[in-house]
Amino acid sequence: MYESAKAEYAKYGIDTEKAIERLANIPISVHCWQGDDVVGLDGGGSLSGGIQATGNYPGRARNFNELTADIKKAFSLMPGNKRLNVHASYAVINGEKVDRDKYKPEHFAPWVKFAKENGITGIDFNPTLFSHAKVKDGLTLSSPDENIRKFWIEHCKASIRISEYLATEMGTHCLMNIWIPDGFKDVPADRLSPRLRLKESLDEILSEPYDKSKVVIAVESKVFGIGVESYTVGSNEFYQNYAATRNICCLLDNGHYHPLEYVSDKIPSLLAFYDKVALHVTRGVRWDSDHVVLFDDETKEIAKEIVRNDAIGKVMIGLDYFDASINRLSAWVTGQRSMQKALLNALLLPNEQLRKLQDNAQFTELMVEECKTLPFGAVWKEYISRQGLIDDYITAIKQYESKLLKERV
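About the cut-offs
- Just so you know, the residues in each chain are numbered from 1, in the order the chain's sequence is written.
- At least 70 in pLDDT is required for a residue's local features to be given in this predicted model, at least 80 for side-chain atom pairs to be given and counted, and no such filter applies to totals for whole chains, interfaces and linings, which use all residues.
- Calculated side-chain values reflect all of the structure's heavy atoms, with hydrogen atoms and water omitted.
- As used here, the term nonpolar core means buried Ala, Val, Leu, Ile, Met, Phe, Trp, Tyr and Cys residues forming a set that is joined through side-chain atoms within 4.5 Å.
- Under the scheme applied here, a residue whose accessible area is under 20% of the maximum for its type counts as buried, over 50% as exposed, and between as partly exposed, the area being computed with a 1.4 Å probe on protein chains only.
- Every residue pair with non-hydrogen atoms within 4.5 Å of one another is taken to be in contact.
- Under the scheme used here, helices are H or I runs from DSSP no shorter than 4 residues and strands are E runs no shorter than 2 residues, and both carry numbers assigned from the N terminus.
- Within this document, salt bridges are pairs made up of a side-chain nitrogen of Lys or Arg and a carboxyl oxygen of Asp or Glu, the two lying within 4 Å of each other.
- Pairing between strands requires that DSSP locate at least two bridges from one strand to the other.
- Here the term right-handed applies to a crossover when the path leading from its first strand over the helix to its second strand runs clockwise, the strands being oriented away from the viewer.
- The charge count treats Lys and Arg as positive and Asp and Glu as negative. His and the chain ends do not count.
- Every angle, taken between N-to-C directions, lies between 0 and 180 degrees, and every axis is a line fitted to C-alpha atoms, over only the stretch in contact when it is a helix.
- In these notes the angle categories are as follows: under 35 degrees is roughly parallel, over 145 is roughly antiparallel, 65 to 115 is roughly perpendicular, and the rest is oblique.
- Crossing handedness: left-handed means the near helix sits turned counterclockwise from the far one by under a right angle, and right-handed means the same turn made clockwise.
- Residue type decides the class: Asp, Glu, Lys and Arg count as charged, Ala, Val, Leu, Ile, Met, Phe, Trp, Tyr, Cys and Pro as nonpolar, and the leftover types, Gly among them, as polar.
- Sulfur atoms of two cysteines make up a disulfide when they are within 2.5 Å.

Trainee: An account of the nonpolar core is needed here, citing residue identities and associated values.
Mentor: Counting residues in each nonpolar core, the largest one holds 120 residues, and the members touching the most others are Trp111 and Leu141. Residues within four places of Trp111 in sequence aside, it is in contact with Cys32, Leu41, Phe64, Leu67, Thr68, Ile71, Leu84, Val86, Tyr90, Val92 and Ile123. Of all hydrophobic cores here, the second largest spans seven residues; its members include Leu175, Ala218, Ala278 and Met316.

And the structure:
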């Protein structure tokens, strides 16, 4: 089947061997928080900040050992180049009396050890500005309370130091992404002051010295959240202007926009101005509901924009979803494989031919899209086989579940 598919693609000038080789080297940063429903390890507090993980499927990881065991199993079923994305709330503090503003690299040394032992190519990091008692009236870096702002500023500075440690240890960059839950449930009386306070807080955070070749700092916007439906301090307009004027990175989460806005369309816009663009790929259903990524139209379009704009390496791909209603390992693997399928699909398109049709205003021919019916599935199966994997990962997950996960009920 593969040899036949290879010949079919060759008619369009597409080298399937080259596509398979490129796909295997595209890093995808897989989030640790799918394994425990974003609970974290530091006991910071109940899930808040407009975040919900719905469902009660048995087997949630309850500690570092269980979480890393699940990650190891899930990663063994994922093809390609895998990074690991960790939130600060996953600090391994072992009962130590330390709050988030005082976290140190040593609290994440177990994650480095785990990554090195399991062939993970890098670790990305996120300060955790939610699920904590010092989120006052739903505000953190934009709070009118100076002490609250100072606490979270120090947490983000500590996160920069941790990120540089992770980059040094892993021998590759660390993307440090700042997202805050700040906003208001009802229409605010003052939209500007919270944003000016956020701007000042971010400037203070960026005053922390760090090696820019090691740490890539990003800011992530959101249109709304549960409990902050009317106004979000960290809006898209605010962060894009802030990132552009401070020479840092914008992170686009495709669940964080209006349902008729598409991140696939935003990627080339940002590539016109930024050296790097970061992604959190998720699947919003009517709102930012963090459903498991599937091989759907928007995921395909996101991958197309990365590939057709020669932005592999410029666009930093991360996943961000959490579903507590289904087997969590299956969610991890399904989402990562779906992103890989989308990238392979994009690599197997005659992008140069399609671009020429557009430039020559041959819109009739461009609409035909016969290349979409080529035997993609055969190439995917060949790729999976070369990665030493099989299509049927569910059986392996069910076997793992029967041995270990039921003990956690």
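Once the structure has been displayed, the description carries forward.
Trainee: Lay out the side chain of Glu305 with the relevant residues and their values.
Mentor: Tracing the backbone through its elements, the reader meets Glu305 in helix α9 (residues 297-308). Glu305 has contacts with Ser264, Ile267 and Pro268, leaving out every residue within four places of it along the chain.

Trainee: With reference to specific residues and values, describe unusual backbone geometry.
Mentor: Despite not being glycine, Asp137 shows a phi value in the positive range, around 55°. Considering the arrangement of structural elements, one finds Asp137 in the loop between β3 (123-126) and α5 (146-170). Even without being a glycine, Ala361 presents a positive backbone phi close to 55°.

Trainee: Now, about the pattern of salt bridges: what can you tell me, with residues and values included?
Mentor: Counting across every chain of the model gives 24 salt bridges. With its nearest N and O atoms 2.6 Å apart, the salt bridge here joins Lys157 to Glu204. Within this pair, whereas Lys157 is found in helix α5, its partner Glu204 is found in helix α6 (residues 192-206), the two being separated by 47 residues in sequence. Residue Lys157 is classed as buried on the basis of its relative accessible area, which comes to 9%. For Glu204, a relative accessible area of 35% puts it in the partly exposed group. Note that Glu229 and Lys185 form a salt bridge whose closest N and O atoms lie 4.0 Å from each other. Here the residue Glu229 occupies a position in the loop between β6 (215-220) and β7 (231-232), and Lys185 occupies one in the loop between β5 (183-184) and α6, the gap between them amounting to 44 residues. By relative accessible area, Glu229 is classed as partly exposed at 35%. A relative accessible area of 58% means that Lys185 is categorised as exposed.

Trainee: Run through the pairing of strand β2 (residues 81-87), naming residues and quoting values.
Mentor: Buried residues dominate β2, accounting for seven of its seven residues. Here β2 shows no split at all, with Asn81, Arg83, Asn85 and His87 on one side and Lys82, Leu84 and Val86 on the other all buried. Bridging between strand β1 (residues 27-31) and β2 involves five bridges; their strand directions are parallel. In the sheet register, His31 faces β2, and the bridge partner there is Asn85. Relative to β3, β2 is paired through four bridges, and the arrangement is parallel. Following the sheet pairing, Val86 is matched in β3 by Phe125. Running through helix α4 (residues 109-117), the crossover from β2 to the neighbouring parallel element β3 is right-handed.

Trainee: How would you summarise the pairing of β6 if you had to cite specific residues and measurements?
Mentor: Counting buried residues along β6, six of its six residues qualify, which places the element largely inside the surrounding structure. Note that strand β4 (residues 174-178) and β6 share five bridges and pair parallel. By the bridge assignment for β6, Met176 is matched with Ile217.

Trainee: So what about the side chain of Arg337? Which residues, and what values?
Mentor: Relative to the helices and strands, Arg337 resides in helix α10 (residues 328-347). No salt bridge is formed by the buried Arg337; its nearest oppositely charged neighbour, Asp391, is found at 4.5 Å. Among residues more than four places away in sequence, those in contact with Arg337 are Leu77, Pro79, Trp380, Ile384, Leu389, Ile390, Asp391 and Tyr393.

Trainee: Talk me through the packing of α9 against α10; I want residue IDs and the actual numbers.
Mentor: Between α9 and α10, the shortest axis-to-axis distance is 8 Å and the interhelical angle comes to 50°. Of the possible angle classes, the one that applies to α9 and α10 is oblique. As for the relative orientation of α9 and α10, their crossing is right-handed in sense. Taken together, the residues of α10 that come into contact with α9 (itself represented by Thr299, Lys300, Ala303, Lys304 and Val307) are Ser338, Met339, Ala342, Leu343, Asn345, Ala346 and Leu347. Classifying every residue of the contact of α9 with α10 by side-chain character gives seven nonpolar, three polar and two charged.

Trainee: How would you sum up the state of the cysteines? Please name residues and give values.
Mentor: Applying the stated criterion to the full structure yields zero disulfides. Note on Cys32: no disulfide assigned, nearest cysteine sulfur contributed by Cys174 at a separation of 12 Å. Of the residues examined, Cys32 reaches a relative accessible area of 0% and is grouped as buried. Cys174 supplies the cysteine sulfur nearest to Cys156, a cysteine that is in no disulfide, at a spacing of 13 Å. The class of Cys156 is buried, set by a relative accessible area of 0%.

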